[in-house]
Amino acid sequence: METATNIIKLILLSIIAVVLVCIMVLLINGKSFKFKSSNAKLIYDESYTEEVKNIKVESTSTDIKVVENDTNEINVKIYDEKEQKENVKVKVNDGTLEIYDKKINNFHFFSFGFIGQGPRIIISVPKDTKYNLDFHTTSGDITVGQNMNNVNINVTSGDIDLKNALDTKIKSTSGNIELGEVSNLDIHTTSGDVKIKKVNTKVNIELTSGDITINEVNLSKNSNIKAVSGDVTIDKTNDIYVESHTTSGDEDVSNSNRKATTELKIKTTSGDIEVNK
């Protein structure tokens, strides 16, 4: 009986140890944990009629979402679990809508999406109006459901979903990236899958762990795609030369024109490369 009790204790201690190690690893990688509970309350709701060309957001642990409306105004709604209105600043400065949402002592454990919606910023903009976006957040998903001009996104942990944009720069540590049609794309990310509908002009992607899938590229400038661990798949290219190399994996490249003036270099350490298949 005593032996059985000791075995049970050993199993419980092992489980606790594994959980603690996982938490420590995720913390080291910059992740924050939060209950996405339905307790998030509307703490800010204002509309702006001033002329705006740029939207800048700096936040800590908040989802950011851009949606369209049928008015001529930009509306900003901010939801939070704590009514820390003093940490929220929104203003229009020289054509730029600036949103600052800096939380204090906002440390939450474990993010479970099924519980409900957590802290978030919802920016509602006039339909068919394009803006330059500059988003910086430590933890949170970013969703942009409208066509934009130039986009710059810097996020530590969170998924990114962007419809269409011109020059696009993304830097992230962890999270999946899904894009529509973009131009002059520059992505630096550590962990997560990258899915893109179409890239124009130029593409530069550096990824440590994850798959890269692009439906179509139409390039006029030399480009690079680098991955340490993951497959690279491009369904369709224009008339370019594709130079590929993988250390551990298969290469299957078709319709590569060695005489083309534009070159796309694809390199992966562990993963398959497939182009124009």
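Because the structure is a prediction, the values reported are computed rather than measured. Every residue gets a number counted from 1 within its own chain, in the order that chain's sequence is written. Side-chain atom pairs in this predicted model are given and counted only at pLDDT of 80 or more, local residue features only at pLDDT of at least 70, and totals for whole chains, interfaces and linings cover all residues. Excluded from the side-chain calculation are hydrogens and water; included are all heavy atoms of the structure.

A. Local environment of the pairing of strand E13 (residues 177–191). Strands are treated as partners if at least two bridges between them are detected by DSSP. Strands here are runs of E lasting at least two residues and helices are runs of H or I lasting at least four, both read from the DSSP assignment and numbered beginning at the N terminus. In this sheet, E13 lies alongside strand E11 (residues 160–162) in parallel orientation, the contact comprising 3 bridges. Among the inter-strand pairings, Leu162 is bridged to a residue of E13, identified as Leu179. Inspection of the sheet shows E13 paired to strand E14 (residues 194–209) by 12 bridges, in the parallel sense. Its bridge partner lying in E14, Leu179 is registered against Ile196.

B. Quick look at the environment of Glu206. Of note, Glu206 is situated in strand E14. The buried label goes to any residue with under 20% of its type's maximum accessible area, the exposed label to any with over 50%, and the partly exposed label to all in between, with areas taken from a 1.4 Å probe on protein chains only. Since its relative accessible area comes to 33%, Glu206 is described here as partly exposed. Linking Glu206 and Ile187, residues 19 residues apart in sequence, is a C-alpha distance of 6.2 Å. Working rule for contacts: check all heavy atoms of both residues, and any pair within 4.5 Å makes them a contact. Sequence-distant contacts of Glu206, that is, excluding residues within four places in its chain, are made with Ile187, His188, Thr189 and Lys226.

C. Representation of a negative patch on the surface in the model. The patch calculation keeps residues exceeding 30% relative accessible area without a salt bridge and links them within 9 Å when they carry like charges or within 5 Å when they are nonpolar (Val, Leu, Ile, Met, Phe, Trp, Tyr). Here the Shrake-Rupley method, with its probe set to 1.4 Å, supplies the accessible areas, and only the displayed protein chains count as covering residues. Each reported salt bridge corresponds to a side-chain nitrogen of Lys or Arg within 4 Å of a carboxyl oxygen of Asp or Glu. Just so you know, the count uses Lys and Arg for positive and Asp and Glu for negative, and it drops His and the chain ends. The atoms used to mark charge sites are NZ of Lys, CZ of Arg, CG of Asp and CD of Glu. Taken together, the side chains of Asp193, Asp211, Asp231, Asp235, Asp250, Glu251, Asp272 and Glu274 present a region of like negative charge at the surface. Tracing the sequence through the fold places Asp193 in the loop between E13 and E14.

D. Summary view of the pattern of salt bridges. Scanning all chains against the criterion turns up 5 salt bridges. As a salt-bridge pair, Lys56 and Glu58 come within 3.6 Å of each other at their nearest N and O atoms. For Lys56, a relative accessible area of 24% translates into the label partly exposed. Of the residues examined, Glu58 reaches a relative accessible area of 21% and is grouped as partly exposed.

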